[in-house]
Amino acid sequence: LLTPDGQDLGGFDSAPGPFAAGALLAETLDIALPEGFTGPLEVYAGWYTYPDLVRFPVQGDGRRAQDGLIYLGTVTVR
């Protein structure tokens, strides 16, 4: 989760597995935010190799694609 100015406000990092190639993957994630935070947050996802932590490339020219991140949308915390 990033603020519109790019500040990292929270995230979730774990291995999603096991799953078969071509299978769909859905997860529910709880991410703690700083107490009292309100405002918009940009939501991104990305995968990387382990243990070297090299992000998989993202095709296209979307926001942060050059960083190996997929922009999922913006949510507003009230």
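One structure accompanies this document, and this report is about it. (Residues numbered from 1 in each chain as written. Predicted model: local features only at pLDDT ≥ 70, side-chain atom pairs only at ≥ 80, totals over all residues. Heavy atoms only, no water.)

## Some remarks on the overall build of the protein
Argument step 1. Scanning the protein from terminus to terminus reveals 0 helices and 2 strands.
Argument step 2. In terms of principal-axis extent, the alpha carbons of the protein reach across some 40 × 25 × 25 Å.
Argument step 3. Put simply, the protein has 78 residues, and 17% of those count as buried.
Argument step 4. Counted over contacts in the protein with a minimum sequence separation of 6, partners at least 24 positions apart contribute 55%.
Argument step 5. When the accessible surface of the protein is split by element, carbon and sulfur atoms take 55% of a total near 6,200 Å².
Argument step 6. Where the 4 positive side-chain charges of the protein centre and where its 10 negative ones centre are 7 Å apart. (Helix = DSSP H or I, 4+ residues; strand = E, 2+ residues; numbered from the N terminus. Buried < 20%, exposed > 50% of the residue type's maximum accessible area, 1.4 Å probe, protein only. Contact = heavy atoms within 4.5 Å. Areas by Shrake-Rupley, 256 points an atom, 1.4 Å probe, with all protein chains shown as cover. Lys, Arg positive; Asp, Glu negative; His and termini not counted. Charge placed at Lys NZ, Arg CZ, Asp CG, Glu CD.)

## Things to note about unusual backbone geometry
Argument step 1. Looking along the chain, the bond that leaves tyrosine 50 and enters proline 51 is cis, with omega of 15 degrees.
Argument step 2. Tracing the backbone through its elements, the reader meets proline 51 in the loop between strand 1 (39-45) and strand 2 (70-77).
Argument step 3. Its identity as a non-glycine residue notwithstanding, leucine 53 has a phi of 60 degrees, on the positive side.
Argument step 4. If you trace the backbone, leucine 53 turns up in the loop between strand 1 and strand 2.
Argument step 5. A positive phi angle, close to 65 degrees, is found at arginine 64, a residue other than glycine.
Argument step 6. Topologically, arginine 64 is positioned in the loop between strand 1 and strand 2.

## Quick word on the pairing of strand 1
Argument step 1. Among the 7 residues of strand 1, 5 are classified as buried, and the element is accordingly described as predominantly covered.
Argument step 2. Where strand 1 lies against strand 2, 7 bridges are found, and the strand directions are antiparallel. Across the sheet, residue glycine 39 finds its bridge partner in strand 2, namely valine 77. (Pairing = 2+ DSSP bridges.)

## A few points about the side chain of threonine 3
Argument step 1. Along the chain, threonine 3 falls in the segment before strand 1.
Argument step 2. Exposure remark for threonine 3: the relative accessible area of 9% places this residue in the buried category.
Argument step 3. Within the structure, threonine 3 has its side chain in polar contact with the side chain of aspartate 5 (distance 2.3 Å). (Polar contact = N/O pair within 3.5 Å; in protein donor to acceptor, adjacent residues only side chain to side chain.)

## Comments concerning the pattern of salt bridges
Argument step 1. Evaluation of the coordinates by the stated rule reveals 2 salt bridges.
Argument step 2. A salt bridge links aspartate 67 to arginine 64; its shortest N-O distance comes to 2.5 Å.
Argument step 3. Classification of aspartate 67 by relative accessible area gives partly exposed; the value is 32%. (Salt bridge = Lys/Arg side-chain N within 4 Å of Asp/Glu carboxyl O.)

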